[in-house]
Amino acid sequence: MTLQQEIVGNAMQMAVVNLTPGQTVYCEAGKFLFKTANVSMETRLSGPDRGGRDQGGGGMGGMLRQAMGTAMQVGQRALAGESLAFQYFTSTQGEGTVGFAGVLPGEMRALELAGNRAWFAEKDAFVAAESTVDFGIAFQGGRTGMSGGEGFVLEKFTGTGTVIICGAGNFIDLNPADFGGRIEVDTGCIVAFEEGIEYGVQRIGGLNRQGLMNAVFGGEGLSLATLEGNGRVILQSLTIEGLANALKKAQGGDKQGPTGGLFSTHAG
């Protein structure tokens, strides 16, 4: 069943979800806004169930396998800097309503998974999903991650149903196939992309005068993200680092100055 949801607002959007009796939606801890009284709330460390809590079989062995699986999920999320817990909301009597929001001013988007293609998203993009959607962590590999910064750890959504994501600023939808099969973007501008899109990182120019000018004064650092293939890509107009630097500048503490991204101070 498709999740009944409506995204409302402008500068900082919210998702209002209508639950049918017995339907469950879960969110990352900290992104819940409100609920009606007939919706129960439960906080758990584990991901969504598939027909029962004990999926490893009966007895002590099944309980141990379940505990080990939960510990692995929590460990991955901790390593990725994600929230350790999920909050689950179930309508217990009739139809219920739950509201969610992101943590930065910007847009939200509802993605529909058909089970044949996963979605990948930047860290902290996940807001909420129905219980038929699995949330996981994808690591993009040492070389790509070391070069790409934001791209090292990605959220991965599989299964079927609706997942709601958020980003900063405004969204634009692109398909690299419409632009010769490849687009190059600021690493902090990627919100999400479909499975089948190849993600990579490339150095901006060579180690020559123009390459150094791009890196030092261009505001992008040494690398750009590359997205290749045929599939949907969602980009955001505002980066977290850009927002942090704008706030520092407004407070009289501009750490970026004239040298752009290479020597800018990352918020942390």
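What you see is a predicted model, and the numbers here were worked out from it, not measured in a lab. Note that residues are indexed from 1 along each chain, following the sequence as it is written. With pLDDT at 70 or above as the cut-off, local features in this predicted model cover only qualifying residues; side-chain atom pairs require 80 or more to be listed or tallied, and sums for whole chains, interfaces and linings still use all residues. The side-chain figures draw on all heavy atoms in the structure; neither hydrogens nor water molecules are used.

**Student:** Account for the environment of Glu 198, naming residues and giving values.
**Tutor:** A helix here means a DSSP run of H or I that spans at least four residues, while a strand means a run of E at least two residues long, and both kinds are numbered starting from the N terminus. Inspection of the secondary structure puts Glu 198 in strand S16 (residues 198–203). Taking the C-alpha atoms as reference points, Glu 198 and Asn 230, 32 residues apart in sequence, are found 9.2 Å from one another. For this analysis, residues touch if any pair of their heavy atoms sits within 4.5 Å. Leave out the neighbours within four places in its chain, and Glu 198 touches Thr 226, Leu 227 and Glu 228.

**Student:** Explain the packing of aromatic side chains to me, using residue names and the numbers behind them.
**Tutor:** Two rings from Phe, Tyr or Trp (for Trp, the six-membered ring) form a pair when their centres sit within 6.5 Å of each other. Planes less than 30 degrees apart are called stacked, planes more than 60 degrees apart edge-to-face, and all others tilted. Applying the stated criterion to the full structure yields 12 aromatic pairs. Judged by centre distance (6.3 Å) and plane angle (90°), the ring pair of Phe 86 and Phe 126 falls under edge-to-face. Here Phe 126 lies in strand S10 (residues 126–130) and Phe 86 lies in strand S6 (residues 86–91), a separation of 40 residues in the sequence. A relative accessible area of 2% means that Phe 86 is categorised as buried. For every residue, the accessible area obtained with a 1.4 Å probe (protein chains only) is divided by the maximum for its type, and the residue is called buried under 20%, exposed over 50%, and partly exposed between those limits.

**Student:** So, the side chain of Asn 175: which residues are in play, and what are the values?
**Tutor:** The residue Asn 175 is located in the loop between strand S13 (171–174) and strand S14 (182–185) in this model. By the criterion applied in these results, polar contacts are pairs of N or O atoms within 3.5 Å in which, for protein atoms, one can donate a hydrogen and the other can accept it, and in which residues neighboring in sequence qualify only through two side-chain atoms. At 2.9 Å, the side chain of Asn 175 and the backbone nitrogen of Ala 177 are in polar contact. Polar side-chain contacts of Asn 175 include one of 3.1 Å to the backbone nitrogen of Gly 231. When residues no more than four places from it in sequence are discounted, the contact partners of Asn 175 are Gly 229, Asn 230 and Gly 231.

**Student:** Could you give an account of the nonpolar core, with specific residues and numbers?
**Tutor:** Side-chain atoms within 4.5 Å link the members of a nonpolar core, which is a set of buried Ala, Val, Leu, Ile, Met, Phe, Trp, Tyr and Cys residues. Core analysis: the largest hydrophobic core is formed by 21 residues, its most contacted members being Tyr 26, Phe 126, Phe 157, Val 163 and Ile 165. Secondary-structure elements contributing two or more residues to this core are S6, strand S8 (108–114), strand S9 (119–121), S10, strand S11 (133–139), strand S12 (153–166) and strand S15 (190–194). Looking at which element gives the most residues to this core, the answer is S12, with four residues. Residue contacts for Ile 165: discarding those within four places in its chain leaves Glu 107, Met 108, Arg 109, Leu 111, Ala 125, Val 127, Phe 157, Val 191, Ala 192 and Ile 234. One finds Leu 3, Leu 19, Val 39 and Phe 89 within the second-largest nonpolar core, a separate group that totals 16 residues.

**Student:** Which residues make up the pairing of strand S18 (residues 233–236), and what values do they have?
**Tutor:** Along S18, one buried face is formed by Val 233 and Leu 235 and the opposite face, lined by Ile 234 and Gln 236, is buried too. A strand pair is defined by DSSP finding two or more bridges across the two strands. Pairing between S15 and S18: three bridges, direction antiparallel. By the bridge assignment for S18, Ile 190 is matched with Leu 235.

**Student:** I'd like to hear about the confidence of the model for the chain, residue by residue, with values.
**Tutor:** Known as pLDDT, the predictor's per-residue confidence is scaled from 0 to 100. Per-residue pLDDT for the chain averages 80, and the proportion of residues at 70 or more is 69%. Between residues 51–56, whose pLDDT stays under 50, and residues either more than four places distant or in other chains, the model counts 11 contacts.

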